[in-house]
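Chain by chain, the residues:
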Amino acid sequence: MRVDIEHLAAHRGGRPVVSDVSIQVPSGSVLGLLGPNGSGKSTLLRVASGLAAPSSGRVSLDGTDITALKRTDLARRVAVMAQEHSEEFEMPVLDMVLLGRIPHGRGYGRDSDQDIATAQQALERVGAAHLADRSFSALSGGERQRVLFARALAQDTPVLVLDEPTNHLDIAHQIELLDLIRSTDRTVLVALHDLNLAARSCDTVGVLHQGRLLSLGAPEEVLHTDLIRSVFGVDSTSVAHPLSGRRHFLFDSRSPKSPNGRPTTHQFSRTQEETEAP
Ligand SMILES: Nc1ncnc2c1ncn2[C@@H]1O[C@H](COP(=O)(O)OP(=O)(O)OP(=O)(O)O)[C@@H](O)[C@H]1O
């Protein structure tokens, strides 16, 4: 399912935090949203998934404006994994994952065998089948994160919207989750902080800075040391990864030259070394 974000703007707390963002996400591709804290990633994802209304612009799914969809129809198309979850439910993990099946139900009643099988499979896919009978509130942060990802998978939607899904995960589970995202045929919009993992896992990355989309394209086109210095204020070196050959960033320290304001386009010109790196 294709996701089109057109000239989207959004306000939080009465002030503009996302301005004029347009992104086309082709069906089955993975879009990574990158940017410093407060740059507008979560806000953009909330609006793109229909959780919040834009102040202007529109979001459409295969050409249908999401505002034209009923709540249930939207929930059959888009599953959301939000960044902060305050669910302290004393509910068994399997029941938590089964919540993802609600949009597919026909009203109140027992979960069908098919729903239970789907929820169990989702738990298996995230390596959390052994947690099925535990109470959700008694899980660690990383375990919760995997269960919530299983709930999003169990919702069985063509579009997944994931806000920093790798939070709390150890490195093995970060890689596993991103590989799982890559291997689904769903359209994925995902906010990430790890630039190297984003480059490894996304077809396209969009870099937000102060609510504006500064750069959008293939990771190898978008990510380079000048952009990292300008947007994140950190000096870095890019090397070819010895195993994959992919460009990999080594981060040094905060750049003393980092600008306070919005970077200008000329600051994104690449170094010779980066142009040559694979
Ligand atoms: N509920 C709110 N009320 C007022 N301002 C808000 C609210 N939520 C977010 N903001 C502000 O909107 C801006 C964008 O926040 P947002 O959460 O979208 O950024 P982000 O890129 O996801 O950040 P992070 O990487 O820290 O998660 C920030 O300046 C933030 O302080």
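Cut-off values and rules
Residues numbered from 1 in each chain as written. Predicted model: local features only at pLDDT ≥ 70, side-chain atom pairs only at ≥ 80, totals over all residues. Near = placed C-beta within 6 Å. Helix = DSSP H or I, 4+ residues; strand = E, 2+ residues; numbered from the N terminus. Nonpolar A, V, L, I, M, F, W, Y, C, P; charged D, E, K, R; others polar. Pairing = 2+ DSSP bridges. Contact = placed C-beta atoms within 7 Å. Axes fitted to C-alpha atoms, helices over the stretch in contact; angles between N-to-C directions. Core = buried A, V, L, I, M, F, W, Y, C linked by C-beta atoms within 7 Å. Buried ≥ 20, exposed ≤ 12 C-beta atoms within 10 Å, placed from the backbone. pLDDT = per-residue confidence, 0-100. Expected span 1.5 Å × (residues − 1). Arc of directions from axis to C-beta.

### What to know about the site of the ligand
Around the ligand, the neighbouring residues are Arg12, Gly13, Val17, Gly35, Asn37, Gly38, Ser39, Gly40, Lys41, Ser42, Thr43 and Gln83. With 3 residues, the single largest contributor to the shell around the ligand is helix 1 (residues 41-48). Each residue belonging to the shell around the ligand can be placed in one class, and the counts come to 1 nonpolar, 9 polar and 2 charged.

### Let's talk about the sheet that holds strand 4 (residues 56-61)
Pairing within the open sheet is antiparallel, and its 4 strands lie in the order 2-1-4-5. Because the sheet does not close on itself, it has two edges, and the strands there are strand 2 (15-25) and strand 5 (64-65). Bridge analysis of strand 1 (residues 3-12) against strand 4 gives 5 bridges, and the strand direction is antiparallel. Residue Glu6 lies in a different strand from strand 4, and its bridge partner there is Arg58. The strands that helix 1 touches are strand 1, strand 2 and strand 4; relative to strand 1, the one it contacts most, it runs at about 120 degrees.

### Comments concerning the nonpolar core
Grouped together as the largest cluster of nonpolar side chains are 68 residues, with contacts concentrated most on Val97, Ala150 and Leu189. Tallying contributions element by element places helix 5 (residues 141-154) first for this core, with 7 residues. With residues up to four places along the chain from it excluded, the contact list for Leu189 reads Val3, Val25, Leu31, Leu33, Leu45, Ala48 and Val161.

### As for the pairing of strand 1
The two faces of a sheet get side chains in turn, since along a regular strand they alternate between them. Looking at chain direction, strand 1 and strand 2 are connected through 7 bridges and run antiparallel. Paired with Ala10 across the bridge in strand 2 is Val18. Linking strand 1 to strand 2, which pair antiparallel, is a turn of 2 residues; within it Gly13 sits at a positive phi near 55 degrees.

### Remarks on helix 9 (residues 225-232)
Burial of helix 9 is extensive: 7 of the 8 residues sit out of reach of the surface. Buried residues of helix 9: Thr225, Leu227, Ile228, Arg229, Ser230, Val231 and Phe232, and no others. Backbone geometry just downstream of helix 9 places Gly233 in the positive-phi region, at approximately 70 degrees.

### Focus on the sheet that holds strand 3 (residues 30-34)
Ordered by their spatial adjacency, 6 strands build an open sheet running 6-7-8-3-9-10, and the pairing between neighbours is mixed. Each end of this open sheet is capped by a strand with a single partner; those strands are strand 6 (78-81) and strand 10 (212-217). Each strand axis lies, on average, 15 degrees off the axis of its neighbour in the sheet, ignoring direction. Here strand 9 (residues 204-209) pairs with strand 10 via 5 bridges, running antiparallel. Residue pairing in the sheet places Val205 in a bridge with Gly217 of strand 10.

### Thoughts on the environment of Leu131
Structurally, Leu131 is set in the loop between helix 4 (113-125) and helix 5. Spatially, the C-alpha atom of Leu131 lies 6.5 Å from that of Val93, the residues being 38 residues apart in sequence. If we skip the residues at most four places from it in the chain, Leu131 touches Val93, Leu123, Leu139, Glu143 and Val147.

### Here's the deal with the confidence of the model for the protein chain
Confidence along the protein chain averages 88 in pLDDT terms, with 88% of residues attaining 70 or more. Overall, residues 260-278 carries pLDDT values under 50, and its contacts beyond four positions in sequence, including any with other chains, amount to 28 contacts. Across the interfaces of the predicted complex, the ipTM metric reaches 0.97, alongside a pTM of 0.89.

### Re helix 6 (residues 171-183)
Between its terminal C-alpha atoms helix 6 stretches 18 Å, which fits the 18 Å expected from 13 residues at 1.5 Å a residue. Where helix 6 is concerned, the buried positions are Gln174, Leu177, Leu178 and Ile181. Down the axis of helix 6, the buried side of the element spans an arc of 95 degrees, and every buried residue falls inside it. Within helix 6, the exposed residues directed more than 90 degrees away from the buried face are Ala172, Asp179 and Ser183. Lining the buried residues of helix 6 we find strand 3, helix 5, strand 8 (187-191) and helix 7 (195-201).

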